[in-house]
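Inside the fold
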4 protein chains.
Amino acid sequence: MTKSIDSNTSLADHFLVVRQQSVALCAPLRPEDYVVQPYPDVSPPKWHLGHVTWFFENFILAEYVDGYTPYDTALNWFFNSYYESQGPRITRSNRGNMTRPELSTILDYRRHVDERIAELLASDHREIIRIRELVELGCHHEQQHQELLLTDIKYILGTNPFFPAYTDEPVTTETQAAYQGEYLKVETGLHTIGHEGSGFCWDNELSVHQVYLEDFRLATSLVANGDYLRFMRDGGYERFELWQMEGIEWARSLEVKAPLYWVQDESGKWLHYQLGGGLQPVDPSLPVTHVSWYEADAYARWAGARLPTEFEWEAACKVAGGGVRNDQNWSDRTNFQPLASGDLLGDTWEWTNSAYLPYPRYPRPEGALGEYNGKFMVNQMVLRGGSCATPQSHARVSYRNFFQTDKRWQFTGIRLAWDGLS
Amino acid sequence: MTKSIDSNTSLADHFLVVRQQSVALCAPLRPEDYVVQPYPDVSPPKWHLGHVTWFFENFILAEYVDGYTPYDTALNWFFNSYYESQGPRITRSNRGNMTRPELSTILDYRRHVDERIAELLASDHREIIRIRELVELGCHHEQQHQELLLTDIKYILGTNPFFPAYTDEPVTTETQAAYQGEYLKVETGLHTIGHEGSGFCWDNELSVHQVYLEDFRLATSLVANGDYLRFMRDGGYERFELWQMEGIEWARSLEVKAPLYWVQDESGKWLHYQLGGGLQPVDPSLPVTHVSWYEADAYARWAGARLPTEFEWEAACKVAGGGVRNDQNWSDRTNFQPLASGDLLGDTWEWTNSAYLPYPRYPRPEGALGEYNGKFMVNQMVLRGGSCATPQSHARVSYRNFFQTDKRWQFTGIRLAWDGLS
Amino acid sequence: MTKSIDSNTSLADHFLVVRQQSVALCAPLRPEDYVVQPYPDVSPPKWHLGHVTWFFENFILAEYVDGYTPYDTALNWFFNSYYESQGPRITRSNRGNMTRPELSTILDYRRHVDERIAELLASDHREIIRIRELVELGCHHEQQHQELLLTDIKYILGTNPFFPAYTDEPVTTETQAAYQGEYLKVETGLHTIGHEGSGFCWDNELSVHQVYLEDFRLATSLVANGDYLRFMRDGGYERFELWQMEGIEWARSLEVKAPLYWVQDESGKWLHYQLGGGLQPVDPSLPVTHVSWYEADAYARWAGARLPTEFEWEAACKVAGGGVRNDQNWSDRTNFQPLASGDLLGDTWEWTNSAYLPYPRYPRPEGALGEYNGKFMVNQMVLRGGSCATPQSHARVSYRNFFQTDKRWQFTGIRLAWDGLS
Amino acid sequence: MTKSIDSNTSLADHFLVVRQQSVALCAPLRPEDYVVQPYPDVSPPKWHLGHVTWFFENFILAEYVDGYTPYDTALNWFFNSYYESQGPRITRSNRGNMTRPELSTILDYRRHVDERIAELLASDHREIIRIRELVELGCHHEQQHQELLLTDIKYILGTNPFFPAYTDEPVTTETQAAYQGEYLKVETGLHTIGHEGSGFCWDNELSVHQVYLEDFRLATSLVANGDYLRFMRDGGYERFELWQMEGIEWARSLEVKAPLYWVQDESGKWLHYQLGGGLQPVDPSLPVTHVSWYEADAYARWAGARLPTEFEWEAACKVAGGGVRNDQNWSDRTNFQPLASGDLLGDTWEWTNSAYLPYPRYPRPEGALGEYNGKFMVNQMVLRGGSCATPQSHARVSYRNFFQTDKRWQFTGIRLAWDGLS
């Protein structure tokens, strides 16, 4: 995990920018919105603001500042997410019952930690190199939580019967006709997988290794809402032969008949909740999102295709020149809606048919940071690509996101693959 | 249900006093405290503020004001508690996930409804008598919710690890030695049960009827914390022969070993959360509270006594001159803590060994108001007496409260009875 | 509990008759039928055969025979039902997973215990009076389990898609027109409740006491299947105003739309499983059975009536001359089907609107036998009358049966009551 | 799936041998043992005997015999396991409540189907080649169920407090010292994975493909009970850093502290239930079995090793000459206990760190047989090697078994791997 902050921005500045962004993302919220947890996977926004702060305090200030006095030791219990090595913590599903600490306390806590980290970065501490590494790590951690903040806010507002808009910015519409039916083609052979180069990466992107792949094609465009509507109208949710058994049992038991946030009006027309503008008609040209792995897998079988493996995805991305997205395009968007951009990065997280497992010679870190990625390597699937809610500096070709197969509240989407080159 | 507002207070004034009291009870809360539902029986404070308002709008304004335009029809869905006749409603356990309507919207809604009710009361509406009856009923309904507000707030704050105080008013301490070992004695014969006279009562307090009772004694004092600690130290929670089978299975499965809100410090000393002052040492002289029917029943068996029936309780109360409590004493208290007052009304709700069932010739009202009490008459037990959280004008000898046998978040306590006169 | 065996039958003979009857009731079973527990309340038939035997061994032989060697101490763990005082025992819901002890072992166990009890009864043991009391108690206990054997067998066979008949004896049909619309009338005043006289009774039928009742009528006939079909066709299961809230939530969550064992054929005709003959058309003239308290309560409200209290039922029974049923009629039946007999005893258990609570001065026995009835006195309702599956010598006017409000696998039925004499 | 029956055995003979073996495996059972389902994954032995028969009737007789009359169409509903395409079926967890069809009916059903299959094989049916393929497939299917029969019987008897032996054959003991510390070493490069040659294989063993592996070592011996006891005594079940988070939460919530079937006597000595002989002391020299993937994964981390991938396992097996086990050794054993044989096949199924996913160009069959393996390819892990309960002709190097990560009732064990060649 080497330095990735470019030379024009000091780490101290970067730290402040990241920290301010978390608070800025919460600006549209009402006080009530900060507190609740309508679903066990969703954390209250005030919890996110506290947890990322605790990460800096607990892993940097408490470790490296001599005689550091914690802001309030009672907060540890609230803001430790899952680090067994860091002591007891609140039951995850109980986060939404905690009205205290209040938001104002948490904002004070943030200011306190920000100041102390800034002092530490400006100091000549004998372990300044390690501290800088950890601050960079903490910024990446906070960026992950910025994406979770957005998806958790979407759940809180999008399951409220008033469907309040998060932002009034109009939803973008565009056609994606240009990309339909085009493929990235990758030939049989060995391909290099994993993070190369000097920038930051997570431990789970290592070690770099070779994977042997057979000829395949990968769609240049994501599956669109219109495509998915055809699957729905063709009885896709009822046709068991399209599904994994576990998948159709999931759909049946929860009566799932459409992506998350989709509702039908009295005339049968499909609407979906969007952060920008609230409830909107579904635009058939834009990428489908908020689908589970089960749905993505069934859709692909219906379409006569399959999901790519994470290795195919990464190999195709490298063939395509890295998939890096136009900066302007990325930073323009503040309505947090995936576009039919034709890029591999930055619209939806793309379900793959790879289980989240360690790479060969995976370097699991010692101690608490070894809990970060390494203890979730079972019964989850890998997603690739980054979404419209991912901070741009947090997306890259080798990034491995992972969720259980029933999860839909992230901006998850579908990209198809086929055997052979034609 | 005839008029009970005394001649010195107009109904319009009474209405405003009651309405203001609900808002006043919430004054100590932080914005976060209004939203959550840490337990399915506990409703968010902002929900209570809205629901009681909906009751006035839905059953009075919408019924009796020609061309009344609802404040916002979307609110019905939120604030209908359980009236099947009044249309669909939010799943009860989902109330705590609703961040909207915001508190500010609900306070606006309250002001709107208050003004319209005041106008209606001042009008010469042709059904003004029925309207006045319903306004009085709505005030009693709101007073019930004032007690629930306090017990729900106690749950929200008392299960938070910071144990924030609701009020800083010091907890009262006093001795109850004077009452120990004294009895109210009631002789064999027929006793009149049910609400008599011209004041307001609920339907379930009717019809007035005769019950034949055998000689019994009822303790003048409530069971005290010190008594209950002796039961605990004597292995009361493990001695199956003291319990109903359902009761000990409840205690075992939930690992219940003390009343709700009791916690043991490292030295083994018992503390309990109190609205006044937060976490406090348990005072052995004050009444035990926050016990389930199961615990009350087991305690009584341990003590060589039994719980009274609701008929015995009411007969004893009448023998004792009505149990009406000294006004000064009642209104003095704003820390919401039961005292060892020796009164039958106003300290804790007292579990009886009577199931909540209709009285002979019970006059179940037609329509929605028939749902108010009449559809809960199974698998609940009757409590009598009113608690420190009960508005004084809401307590009376014939009042029948009812809860399931495992409920403990109300101010529930224990009064013992014995067969025979000596 | 004084002697009730008539002078023409010795207790030793009575014991053997009762013991043989349990085995005889199992004669129609296949080996597989003895083992399973398709519902937690249903016990495997082989468990019943063992449990009643353990009762005699554990409470009589082990207590009164010097140096008694248990048949196999490992059996205690299996056959203790719920006596906490008698040591650990198998989790109730796990009974149906126990393939051992085998049936053949249990039948050996029965023979062993039968012989030893016979020896003991023939001896001049110094506590022979207490022993005879306990043997009589054990016979009544076994008769209770004979009824449970029949209802559990009915569940095992009646929920199997082959609907195998228990007996091929034809189902009786008859009309009940003669009884329709007739009442037993009881006048206001004090009535004596509880078991009087010298025969056997359970502790819960004591103490004898006075209850004050107001004028009421009780139907001479049970509600018939045809009546209940009218309720069903009138939307009874959907009309919330007819139900207790807990009741309609029960019906909705389990999708209950008819009594237990009723199934509709393709043409919409209702059939029900009967021990005699298997699946049969529902006969509208016979009493409805296998309904929960919730259904009985809703039906009564639909019919403009109510359920009687257990006190009204007993008082009416005494007014009607004791309700004792014609012997011939009772013993004739071996197809275990309720008839429209017009008797108060012996067709269905009749739900009352009385909670199962102790009578005044209830004499709860010391020790294990105090667990028999006394620890179930919460959240159950009383049923009166005895059913077609009740041994005749086990039915009487003061008998109090009790079950939770959702239970339907017993032969439960409905008798209506009304306020006033006309 | 080409023919694999050797030239000395006709398919008709093979069919009869396989069919007789299923019945023979049940010979030690008591009638009661055939019926129960103490755990949802465990099926009643009589269900297995019926289901494998239904497979032959439904997929061969009903398809290929003109005018075939099913033995009893009602049996379809019972014996269809999970084939959505073959119509409705009993809820899996309800199998153990079905006392009918009786065992005797099922044995008649078996004889009927055996005769008709024999007739068909002897006929000159125009599709005889396809029929022979399907009969061979059905035999493999039945052999899978023979293993399940043994593991389900072990669960039924091994969780019964009498711990009845399935067979009295003495348990084998032996030392495994010879194998300790030896490795199979495999060098970096491309390896061929999947079933090659002309014998039978399942669809999921195809297509044959290349996988690039890095240098690794694989232990020649399985982890022994003595090794696992050291892990337990070292606090292995409490040390969170050894576990996947999902794994330690599984162990905590179910209070798992040892492999399935292990119990501690009063002196602290570990015993385990064995089919041969019942409860026995744990032999430290024999392989540990009945562990979940979670436990295997944690053990490997404790031992400073890791689980192999399924590709490493297969590559090492081929390097070692195919892992084929000595016939004599295999067939000798009728006590169904894994040995420290040093073979890769035939002792325990070995958990790998590979998720069960399709191979490249996986040829999912059309129709019902496509449901056989292809619809379970999510959230399961691959096991390799075959166990002491696997029929010998059913084990091979390319065989992919798969179970969820919490399953322990199969004969599952652990083989360690390490990065590098030394």
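Keep in mind the model is a prediction, meaning the values are calculated, not measured.

Considerations on the interface of chain B and chain C
Contacts between the two partners involve 39 residues from chain B and, on the opposite side, 39 residues from chain C. With both sides pooled, the region where chain B packs onto chain C buries about 3200 Å², and carbon together with sulfur makes up 52% of that total. The interface formed by chain B and chain C holds 4 salt bridges in total. The partner of Arg 361 of chain C in a salt bridge is Glu 214 of chain B, with the nearest N and O atoms 2.6 Å apart.

Looking at the arrangement of the chains
Kept free of each other, chain A and chain C leave a smallest C-alpha distance of 14 Å between them. Separated in space, chain B and chain D share no contact, their closest pair of C-alpha atoms being 14 Å apart.

Side note on unusual backbone geometry
In this structure, the amide linkage connecting Leu 206 of chain A to the following residue, Ser 207 of chain A, adopts the cis form with an omega of 0 degrees. Mapped onto the elements, Ser 207 of chain A comes out in the loop between strand E2 (189–193) and strand E3 (209–213). Of note, the amide linkage connecting Arg 100 of chain B to Pro 101 of chain B takes the cis form, showing an omega dihedral of 5 degrees. Considering the arrangement of structural elements, one finds Pro 101 of chain B in the loop between helix H3 (74–79) and helix H4 (103–122). A positive phi angle is found at Phe 336 of chain B, which is not glycine, with a value near 50 degrees. For Phe 336 of chain B, the location among the structural elements is in the loop between helix H10 (327–332) and strand E8 (349–355). Residue classification places Phe 336 of chain B among the buried residues on the basis of a relative accessible area of 13%.

Considerations on the sheet that holds strand E12 (residues 417–419) of chain A
All names here are of chain A. The strand order across the open sheet formed by 3 strands is E1-E4-E12, and the pairing between neighbours is antiparallel. In this open sheet, the two edge strands, each paired with only one partner strand, are strand E1 (183–186) and E12. Here the average twist between neighbouring strands, direction ignored, is 20 degrees. Pairing of E1 with strand E4 (residues 216–219), which is carried by 4 bridges, proceeds in the antiparallel orientation. Looking at E4, one finds that Lys 185 is bridged to Arg 217. Sitting on the sheet, helix H9 (residues 310–319) is in contact with E1 and E4, with an inclination near 100 degrees to E1.

Digging into helix H5 (residues 128–158) of chain B
Look at H5 of chain B: 44 Å from first C-alpha to last across 31 residues, which is about the 45 Å you get at 1.5 Å a residue. A large share of H5 of chain B lies buried, amounting to 24 of its 31 residues.

Thoughts on the relation of the copies chain A and chain D
You can overlay chain A on chain D at an RMSD of 0.0 Å; the transform is a turn of 180 degrees with a shift of 0.0 Å along its axis. The relationship between the two copies is best expressed as a two-fold rotation axis. Every residue of chain A has its C-alpha some distance from the rotation axis, and the shortest such distance is that of Asn 379 of chain A, at 2.5 Å. Both copies contact each other with a shared surface, as 100% of the interface residues of chain A are interface residues in chain D too.

Some details on helix H7 (residues 245–254) of chain A
All names here are of chain A. Those residues of H7 that sit buried are Met 245, Gly 247, Ile 248, Trp 250 and Ala 251. Tucked into the core, H7 has its buried residues touching helix H8 (293–302). Looking one or two residues beyond H7, the residue adopting positive phi is Glu 255, at roughly 55 degrees.

Describing the packing of helix H1 (residues 11–25) of chain C against helix H4 (residues 103–122) of chain C
All names here are of chain C. Contact geometry of H1 with H4 gives a least axis separation of 10 Å together with a crossing angle of 170 degrees. Relative to H4, the element H1 is oriented roughly antiparallel. Judged by residue contacts, Leu 11, Ala 12, Phe 15, Arg 19, Ser 22 and Val 23 of H1 engage Arg 110, Asp 114, Ile 117 and Leu 121 from H4. Here the residues of the contact of H1 with H4 are counted per class, giving 6 nonpolar, 1 polar and 3 charged.

Topic: the pairing of strand E8 (residues 349–355) of chain C
Residue and element names in this part refer to chain C. With 7 of its 7 residues buried, E8 lies for the most part within the structure. Both faces of E8 are covered, namely the face carrying Trp 349, Trp 351, Asn 353 and Ala 355 and the face carrying Glu 350, Thr 352 and Ser 354. Note that E8 and strand E11 (residues 412–413) share 2 bridges and pair parallel. Bridge pairing in E11 links Trp 349 to Thr 412.

Notes on the packing of aromatic side chains
Residues and elements named next belong to chain B. Enumeration over the complete set of coordinates arrives at 155 aromatic pairs over all chains. Ring centres 5.5 Å apart and planes at 40 degrees place the aromatic pair Trp 250 and Tyr 294 in the tilted group. Within this pair, whereas Trp 250 is found in helix H7 (residues 245–254), its partner Tyr 294 is found in helix H8 (residues 293–302), the two being separated by 44 residues in sequence. Its relative accessible area of 10% is what places Trp 250 among the buried residues. With relative accessibility at 6%, the residue Tyr 294 sits in the buried group.

Describing the packing of helix H2 (residues 45–64) of chain A against helix H5 (residues 128–158) of chain A
Residue and element names in this part refer to chain A. Orientation of H2 relative to H5, taken along the N-to-C sense of each, is 170 degrees, at an axis distance of 9 Å. As the angle between them shows, H2 and H5 are arranged roughly antiparallel. Grouping the constituent residues of the contact of H2 with H5 by class yields 18 nonpolar, 5 polar and 3 charged.

As for the pattern of salt bridges
Here the structure, examined in full by the defined rule, presents 116 salt bridges over all chains. Residue Arg 116 of chain A pairs with Glu 119 of chain A through a salt bridge whose shortest N-O separation is 3.2 Å. With Arg 116 of chain A and Glu 119 of chain A both in helix H4 (residues 103–122) and 3 residues apart, this pair spans about one turn of that helix. Exposure remark for Glu 119 of chain A: the relative accessible area of 47% places this residue in the partly exposed category. Note that Glu 295 of chain D is salt-bridged to Arg 408 of chain D, the shortest N-O span being 3.0 Å. Of the two residues, Glu 295 of chain D is situated in helix H8 (residues 293–302) and Arg 408 of chain D in the loop between strand E10 (401–403) and strand E11 (412–413); the sequence distance between them amounts to 113 residues. Accessibility assignment for this pair places Glu 295 of chain D and Arg 408 of chain D in one class, buried.

Digging into the relation of the copies chain B and chain C
Placing chain B over chain C gives an RMSD of 0.0 Å and needs a rotation angle of 180 degrees, together with 0.0 Å of translation along the axis. Looking at the interface residues of chain B, 100% of them are also at the interface in chain C, so both copies use one shared face.

Quick word on the interface of chain A and chain D
On the side of chain D, 39 residues touch chain A, which itself brings 39 residues to the contact. Together chain A and chain D conceal approximately 3200 Å² of surface at their shared face, both sides included; 52% is due to carbon and sulfur atoms. Counting the surface chain A buries against chain D, the share from its top three residues, Met 245, Arg 361 and Asn 379 of chain A, is 20%. There are 4 salt bridges connecting chain A and chain D. For Glu 84 of chain D, the salt bridge is made with Arg 252 of chain A, and the minimal N-O distance between the two is 2.9 Å. Joining chain A to chain D, the criterion identifies 17 residue pairs in polar contact (both at pLDDT 80 or more). Taken together, the residues of the side of chain A that touches chain D break down into 16 nonpolar, 10 polar and 13 charged.

Structural notes on the domain arrangement of chain A
Residues and elements named next belong to chain A. Taken domain by domain, chain A holds domain 1 (11–158) and domain 2 (177–419). Interface area for domain 1 against domain 2, summed over the two sides, is near 2600 Å², with a carbon-plus-sulfur share of 63%. Counting the contacts that link domain 1 with domain 2 gives 1 salt bridge. Between Asp 41 and Lys 407 there is a salt bridge, and its shortest N-O distance comes to 3.3 Å. The tally of links from domain 1 across to domain 2 stands at 16 residue pairs in polar contact (both at pLDDT 80 or more). Within the residue set of the side of domain 1 that touches domain 2, elements represented by two or more residues are H2 and H5. A class-by-class count of the residues in the side of domain 1 that touches domain 2 yields 14 nonpolar, 9 polar and 7 charged.

Details of the sheet that holds strand E4 (residues 216–219) of chain C
Strand-to-strand pairing in sheets goes through backbone hydrogen bonds, with the strands running parallel or antiparallel. Residue and element names in this part refer to chain C. Ordered by their spatial adjacency, 3 strands build an open sheet running E1-E4-E12, and the pairing between neighbours is antiparallel. The strands lining the two open edges of the sheet, one partner per strand, are strand E1 (183–186) and strand E12 (417–419). Along the sheet, successive strands turn relative to each other by an average axial angle of 20 degrees, direction set aside. This element, helix H9 (residues 310–319), spans E1 and E4 of the sheet and lies at about 100 degrees to E1.

Basis of the calculations
- Numbering of residues begins from 1 in every chain and follows the order in which that chain's sequence is written.
- All chains are assigned letters beginning with A, and all ligands numbers beginning with 1, in the order in which they are written.
- Only residues with pLDDT of 70 or above have their local features reported here, since the model is predicted, and side-chain atom pairs are shown and tallied only from 80 upward, although totals for entire chains, interfaces and linings are computed over all residues.
- Excluded from the side-chain calculation are hydrogens and water; included are all heavy atoms of the structure.
- For this analysis, residues touch if any pair of their heavy atoms sits within 4.5 Å.
- Using a 1.4 Å probe, buried area is obtained as the accessible area two parts lose upon being combined, added over both of them.
- We define a salt bridge as a contact between a side-chain nitrogen of Lys or Arg and a carboxyl oxygen of Asp or Glu at a distance within 4 Å.
- Secondary structure follows DSSP: runs of H or I at least 4 residues long count as helices, runs of E at least 2 residues long count as strands, and numbering of each begins at the N terminus.
- Buried, partly exposed and exposed residues are distinguished by accessible area as a fraction of the type maximum, computed with a 1.4 Å probe on protein chains only: under 20%, between the cut-offs, and over 50%, respectively.
- Two strands qualify as a pair provided DSSP detects at least 2 bridges between them.
- Axis definition: a line fitted to C-alpha atoms, over the contacting stretch in the case of helices. Angles run 0 to 180 degrees between N-to-C directions.
- For a helix, the expected span equals 1.5 Å multiplied by the number of residues minus one.
- For this overlay, a least-squares fit was computed on C-alpha atoms, restricted to residues scoring pLDDT of at least 70 in both copies.
- Any angle that is under 35 degrees is reported as roughly parallel, and any over 145 degrees as roughly antiparallel; angles of 65 to 115 degrees are reported as roughly perpendicular and all others as oblique.
- Note that Gly is not counted as nonpolar here; it falls among the polar residues with everything else outside the nonpolar set of Ala, Val, Leu, Ile, Met, Phe, Trp, Tyr, Cys and Pro and the charged set of Asp, Glu, Lys and Arg.
- The rule is short: rings of Phe, Tyr and Trp, with Trp giving its six-membered ring, pair when the centres are within 6.5 Å, and they are stacked under 30 degrees, edge-to-face over 60, tilted in between.
- Pairs of N or O atoms within 3.5 Å make up the polar contacts considered here, provided that, within protein, one atom can donate a hydrogen while the other can accept it, and that residues adjacent in sequence are counted only when both atoms are side-chain atoms.
- What counts as a domain boundary in this text is fixed by an automatic or database domain assignment.

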